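Below, each chain spelled out in residue letters.
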Amino acid sequence: MKRIATSLCAATALVGLGASALADEPFRLGLLTSKSGTLAPVGVQVEQGVMLAIDEINAAGGLLGRQISVTLEDDESDPQVAARKAERLYQQVGVDFITGTIHSGGTLAVGQIAEREGKLAATTVSYATSITGESCRESMFRVNAHAGIQAAALVTWLAQNVEGDRYLILAPDYEMGRDATSMFAQQIEAAGKTLVNTVLPPLGATDFSTYFAAIRSAQPDVILTMTPGSDTVRLLTQLGEYGMAPGVYTIAGASGAVTAGNVGAIGEPANGFLTAAGYSAEIDTPENRQFVEAFRSRFNQDPDVFAVDSYSLVYLLKAAAEKAGALDTQALRDAIRGTTWSTPVGDKIMRAEDNQAAVDMFVIEVSIDGNSASFGVKDRVLAADIPIEDKCTAF
């Protein structure tokens, strides 16, 4: 009996030692985003949003007592690089979770690798509906509004509030751009408007003037652009140089086209740009005012939708960890699905059926006054009023 008791005491001590050692281990997060390439301006705000949230959570005790450590990698705005570095992060660094991918092709690749490795991942930027639709995976989550959500909110509002029936879409010729074109085209037709032309320059195009003759000949009333980051800078500044912006057409587009991160480089041609986004720094709530103040104090600039969604993702992990009482992959996966959590713009819910967050959308108009820009909220479309078709059949 004495030997048994001694053995039990020793076993208990080992269990306690294991729990203590685990508590000392950080929760490892891989931040795989674009530090170079055409999507690099977006990557800046993604990184800033993630790091601000991590620092706040670590200062408050971490995730269930474990600090969050970060390994930062540059995917170079290239899906193949993203795939290669995701494998390294999971297999060699041993991260528990990857976020940060911007290019939809990169996000799809990371989701596949996460599933194979028995790990988790999320995007806070990628628009392709397939990520939480036909190509959904149990291991991949999305916090931001996909192209279908953006299209439903923006085109419906434009049809009711902007004169003109002729719409033209300009989108980069890759996964996200083609998907966004399809989503926006469906909404244009549903609104009883006419799609007069679709222009598909390559991602990273430097000379958009070669497409201006096609734009002029189509005689659109509204131009919808899906260009990201630096592409939008080149597009709008060149439209301005050719006397085609601002004021000639109603120019609107995806939430990532004109942001706090690139509007300074665009200037006057961005005046009047309309978008539907999940965020504006000018949303006047106590929670958002606190977030904006903290962000400005840390980074000396305003946050955009990519920053707030990336910040909110880390707090989703915190909410899920507290709900599950554990940080292993299965416990976190189960806890994230269906979770409601607090963000600077209010509560969000992660849909259990497809790992897609339900998102309220804000119709925003950019105003340029000299060297300053504002992102005024013109309207709000509730998530409950935006239909999201469930095309996920994997789980």
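Presented here is an overview of the structure given in this document.

What counts and how
- Chains are numbered independently. Their residues run from 1 in the order of the written sequence.
- Local features in this predicted model are restricted to residues whose pLDDT is 70 or higher, and side-chain atom pairs enter the listing and the counts only when it is 80 or higher, whereas totals over whole chains, interfaces and linings include all residues.
- With hydrogens and water set aside, each side-chain value is computed from the structure's full complement of heavy atoms.
- To count as a disulfide, a pair of cysteine sulfur atoms needs to be within 2.5 Å.
- For helices the rule is a DSSP run of H or I covering at least 4 residues; for strands it is a run of E covering at least 2, with both sets numbered from the N terminus onward.
- Three labels apply to residues, based on accessible area from a 1.4 Å probe with only protein chains included: buried if under 20% of the type maximum, exposed if over 50%, partly exposed otherwise in between.
- The criterion for strand pairing is that DSSP finds at least two bridges linking the strands in question.
- Only C-alpha atoms enter the line fits that serve as axes; for helices the fit covers just the stretch in contact. Angles between N-to-C directions range over 0 to 180 degrees.
- Residue contacts follow a heavy-atom distance rule, with two residues in contact if any of their heavy atoms lie within 4.5 Å.
- The nonpolar core is taken to be a set of buried Ala, Val, Leu, Ile, Met, Phe, Trp, Tyr and Cys residues, with the residues joined through side-chain atoms within 4.5 Å.
- Of the grid points, spaced at 1 Å and generated over the protein atoms alone, those admitting a 1.4 Å probe that cannot get out make up cavities, while open sets with protein on both sides within 12 Å along at least five of seven lines make up pockets; any residue with an atom within 4 Å of a point is treated as lining.
- Grid points are joined across faces, edges and corners, and a volume is the space filled by probe spheres set on the points.
- Classes in brief: Ala, Val, Leu, Ile, Met, Phe, Trp, Tyr, Cys and Pro nonpolar; Asp, Glu, Lys and Arg charged; the others, Gly included, polar.
- Reported orientations rely on four angle classes, namely roughly parallel under 35 degrees, roughly antiparallel over 145, roughly perpendicular from 65 to 115, and oblique for the rest.
- For a crossing to be left-handed, the near helix must be turned anticlockwise from the far one by less than a right angle; the clockwise case is right-handed.
- Pairing of aromatic rings covers Phe, Tyr and the six-membered ring of Trp, with a centre-to-centre limit of 6.5 Å; geometry is then stacked below 30 degrees between planes, edge-to-face above 60, and tilted otherwise.
- Helix span, as expected, comes to 1.5 Å for every residue beyond the first.

## Description of the state of the cysteines
Next up, step 1: Summed over the entire model, instances satisfying the criterion amount to 1 disulfide.
Next up, step 2: Here Cys 136 pairs with Cys 392 through a disulfide, and the sulfurs are 2.0 Å apart. One disulfide, between Cys 136 and Cys 392, carries an S-S torsion of 80° and so falls in the right-handed class. Within this pair, whereas Cys 136 is found in the loop between β4 (120-123) and β5 (140-142), its partner Cys 392 is found in the segment after β15 (372-381), the two being separated by 256 residues in sequence. As far as burial versus exposure is concerned, Cys 136 and Cys 392 are alike and both buried.

## Notes on the sheet that holds strand β7 (residues 194-199)
Next up, step 1: Strands sit in the order β7-β6-β8-β9-β10-β14-β15 across an open sheet of 7 strands; the sheet is mixed. Of all strands in the sheet, those with a lone pairing partner are β7 and β15, marking the two edges. Neighbour-to-neighbour, the strand axes of this sheet turn through a mean angle of 25°, independent of strand direction.
Next up, step 2: Here helix α5 (residues 147-161) sits on the sheet in contact with β6 (166-170), β8 (222-225), β9 (250-253), β10 (274-277), β14 (361-369) and β15, set at roughly 140° to β10.

## Re the nonpolar core
Next up, step 1: Ranked by size, the top nonpolar core spans 108 residues in total, and within it Leu 158, Phe 184, Leu 224, Met 226, Val 258, Tyr 279 and Met 361 carry the most contacts.
Next up, step 2: Top contributing element to this core by residue count: helix α11 (residues 305-324), with 11 residues.
Next up, step 3: Excluding residues within four positions of it along the chain, Met 361 makes contact with Ala 145, Ile 149, Gln 150, Ala 153, Ala 276, Ala 277, Gly 278, Asp 379, Arg 380, Val 381 and Ile 386.
Next up, step 4: Judged by nonpolar contacts, the second largest core, of 16 residues, contains Leu 32, Ala 109, Val 110 and Ala 114.

## Quick word on empty space enclosed by the protein
Next up, step 1: On inspection of all chains with the given rule, the structure shows 5 cavities of 30 Å³ or more.
Next up, step 2: For the largest cavity, the calculated volume is near 120 Å³.
Next up, step 3: Residue lining of the largest cavity: 14 residues in total, with Val 258, Thr 259, Tyr 279, Asp 304 and Phe 375 positioned closest to the centre.
Next up, step 4: A per-class count over the lining of the largest cavity returns 9 nonpolar, 4 polar and 1 charged.
Next up, step 5: Within this model, the second largest cavity holds a volume of roughly 110 Å³.

## Let's talk about the sheet that holds β4
Next up, step 1: The strand order across the open sheet built from 5 strands is β2-β1-β3-β4-β5, with neighbouring strands paired in parallel fashion. Because the sheet does not close on itself, it has two edges, and the strands there are β2 (68-74) and β5. With strand direction ignored, the average angle separating the axes of adjacent strands in the sheet is 20°.
Next up, step 2: Where strand β1 (residues 27-33) lies against strand β3 (residues 97-99), 3 bridges are found, and the strand directions are parallel. Following the sheet pairing, Gly 30 is matched in β3 by Ile 98.
Next up, step 3: Running at roughly 150° to β2, helix α3 (residues 79-93) makes contact with β1, β2, β3 and β4 of the sheet.
Next up, step 4: Running over the sheet, helix α12 (residues 329-336) touches β1, β3, β4 and β5 and is turned about 35° from β4.

## Some remarks on the packing of α3 against helix α4 (residues 104-117)
Next up, step 1: Following both chains from N to C, one finds α3 and α4 inclined at 25°, their axes separated by 8 Å at the closest point. Between α3 and α4, the crossing angle belongs to the class labelled roughly parallel. For the pair α3 and α4, the sense of crossing is right-handed. Within the contact between the two elements, α3 uses Pro 79, Ala 82, Ala 83, Ala 86, Glu 87, Tyr 90 and Gln 91 and α4 uses Gly 105, Gly 106, Ala 109, Val 110, Ile 113, Ala 114, Arg 116 and Glu 117.
Next up, step 2: When the residues that make up the contact of α3 with α4 are grouped by side-chain class, the tally is 9 nonpolar, 3 polar and 3 charged.

## Description of the packing of aromatic side chains
Next up, step 1: Counted by the stated rule, this structure contains 6 aromatic pairs.
Next up, step 2: Here Phe 212 and Tyr 242 contribute two aromatic rings whose centre-to-centre distance is 5.2 Å and whose plane-to-plane angle is 80°, an arrangement assigned as edge-to-face. Placement of the pair is Phe 212 in helix α7 (residues 212-218) and Tyr 242 in the loop between α8 (229-241) and β9, with a sequence separation of 30 residues.
Next up, step 3: In this structure Tyr 242 comes out as partly exposed when scored by relative accessible area, which is 44%.
Next up, step 4: Between Phe 291 and Tyr 311, the aromatic rings sit 4.6 Å apart at their centres with planes inclined by 50°, giving tilted as the arrangement. Of this pair, Phe 291 sits in helix α10 (residues 286-299) while Tyr 311 sits in helix α11, and the two are 20 residues apart along the sequence. The two residues Phe 291 and Tyr 311 agree in class, both being buried.
Next up, step 5: The rings of Tyr 279, Phe 291, Phe 295, Phe 299, Tyr 311 and Tyr 315 are connected pair by pair, giving a single aromatic cluster.

## Considering helix α2 (residues 40-59)
Next up, step 1: The first and last C-alpha atoms of α2 sit 28 Å apart over 20 residues, in line with the 28 Å expected at 1.5 Å per residue.
Next up, step 2: By the criterion of burial, α2 is predominantly enclosed, with 14 of the 20 residues buried.

## Quick look at the packing of α2 against α11
Next up, step 1: Relative orientation of the contacting elements α2 and α11 amounts to 35°, with a least axis distance of 7 Å. The element α2 and its partner α11 pack so that their crossing is right-handed. Along its contact with α2, which presents Val 42, Gln 45, Val 46, Gly 49, Val 50, Leu 52, Ala 53, Ile 54, Glu 56 and Ile 57, the element α11 presents Phe 306, Ala 307, Ser 310, Tyr 311, Val 314, Tyr 315 and Lys 318.
Next up, step 2: Taken together, the residues of the contact of α2 with α11 sort by class into 12 nonpolar, 3 polar and 2 charged.

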